[in-house]
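What follows is each chain in one-letter form.
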Amino acid sequence: MSDAQERAWSELAPRYELDVQRDAASTSILAGSAIDPVAVWGRAAVLIAEIGSGQGHAIIHAAMERPDVDFLAIEVFRAGLARTMLDAEREGLDNVRVVEANAPEVLRHLLPPGSLDEVWVFFPDPWHKNKHTKRRLVTDEFSPIAAGALRPGGVLRLATDWEDYALQMREVLDASDDFERAFEGEWAPRYEGRVVTAFERKGAAKGRAIRDLAYRRRASS
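Source: prediction; values computed, not measured. (Residues numbered from 1 in each chain as written. Predicted model: local features only at pLDDT ≥ 70, side-chain atom pairs only at ≥ 80, totals over all residues. Heavy atoms only, no water.)

Description of the nonpolar core
Then step 1. In this structure, L72, V99, V106, L107, L116, L156 and L158 are the most contacted members of the largest nonpolar core, which totals 42 residues.
Then step 2. Those residues in contact with L72 that sit more than four places away from it in its chain are L18, W41, I48, A49, E50, I59, R97, V98, V99, V106 and L111.
Then step 3. Counting 26 residues, the second largest nonpolar core, distinct from the first, contains A63, F71, W120 and Y191. (Core = buried A, V, L, I, M, F, W, Y, C linked by side-chain atoms within 4.5 Å. Buried < 20%, exposed > 50% of the residue type's maximum accessible area, 1.4 Å probe, protein only. Contact = heavy atoms within 4.5 Å.)

Below, the structure is given as structure tokens:
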């Protein structure tokens, strides 16, 4: 990491990083160690988590545009979280927190059930080689985990520039008992709250179609 990113971890982490209990791995979350969002953010507000927040471009933009909403950046890339904290400090944001952890464990163990209003999965690693696709995030196993962290009526928003991954996401979530489509037609319209990031520009430059999806957690799930 750069000197500035190292400074972020030494000086800004106490302000922005969630202090979590680990299990065996450095990015794991110990079961039974859920946080109290009201205590963490200092208020009761809409709470949105972004999985794979990268360098934080999308979540920082959203936090600036929506100061009445609280945001959690979930990422295992330390340098990216450092950049997120530096940008949050620069913009004077107090509605952003970060956590260095595996996303499914954050949703299952760190966040109380039904505490999220939205979950964002924007341009996740496509693991495009056939032998690696089993590593993808959005699978049959992920669906109930995401649903458990969302309140009834909460929304799961996704975007990718890999057609086969978009089809997999849609197949998984269409088949889920926990979710229903929050869009009509083949694909959801582009989510207006999603700023264009380097990942999206790169995909578009290579001629790949950007696919959005949005699913609402069923009230009965």
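Past the structure itself, the notes keep going.
Points about unusual backbone geometry
Then step 1. Its identity as a non-glycine residue notwithstanding, F123 has a phi of 55°, on the positive side.
Then step 2. Take F123: it is sitting in the loop between β4 (116-122) and α6 (142-149).
Then step 3. Exposure remark for F123: the relative accessible area of 10% places this residue in the buried category. (Helix = DSSP H or I, 4+ residues; strand = E, 2+ residues; numbered from the N terminus.)

Quick word on the layout of surface pockets
Then step 1. Roughly 960 Å³ of internal volume is contained in the largest pocket.
Then step 2. In terms of lining, the largest pocket is formed by 36 residues, of which the most central are G52, F123, P124, D125 and F199.
Then step 3. Mapped by element, the contributors of at least two residues to the lining of the largest pocket are β1 (46-51), α3 (57-65), β2 (69-75), α5 (103-110), β4 and α8 (198-205).
Then step 4. Considering every element that reaches the lining of the largest pocket, the biggest residue donor is α8, with four residues.
Then step 5. Split by residue class, the lining of the largest pocket holds 19 nonpolar, nine polar and eight charged. (1 Å grid on protein atoms, 1.4 Å probe; cavity = no way out; pocket = protein on both sides within 12 Å on 5 of 7 lines; lining within 4 Å. Points joined across faces, edges and corners; volume = space filled by probe spheres on them. Nonpolar A, V, L, I, M, F, W, Y, C, P; charged D, E, K, R; others polar.)

With respect to the packing of aromatic side chains
Then step 1. Counted according to the given criterion, the structure contains five aromatic pairs.
Then step 2. Feature note: the residues F71, W120, F122 and Y191 constitute an aromatic cluster, connected by ring pairs.
Then step 3. Here the basic side chain of R78 rests over the ring of W9, its NZ or CZ set 4.0 Å away from the ring centre.
Then step 4. Lying across the ring of W187, R170 places its NZ or CZ 4.2 Å from the centre. (Phe/Tyr/Trp six-rings, centres within 6.5 Å; stacked < 30°, edge-to-face > 60°. Lys NZ or Arg CZ within 6 Å of the ring centre and 35° of its normal.)

Here we look at the sheet that holds strand β3 (residues 96-100)
Then step 1. Read from one edge to the other, the open sheet built from seven strands follows the order β3-β2-β1-β4-β5-β7-β6, with strand pairing classed as mixed. Every interior strand has two partners, whereas the edge strands, β3 and β6 (179-181), have only one. Neighbouring strand axes in the sheet, compared pairwise and without regard to direction, differ in orientation by 20° on average.
Then step 2. As paired strands, β6 and strand β7 (residues 211-217) are joined by three bridges and run antiparallel to one another. Of the residues in β7, the one forming a bridge with R181 is Y215.
Then step 3. Helix-sheet contacts for α3 involve β1, β2, β3 and β4, and the interaxial angle to β2 is about 170°.
Then step 4. This element, α6, spans β1, β4, β5 (150-160), β6 and β7 of the sheet and lies at about 130° to β5. (Pairing = 2+ DSSP bridges. Axes fitted to C-alpha atoms, helices over the stretch in contact; angles between N-to-C directions.)

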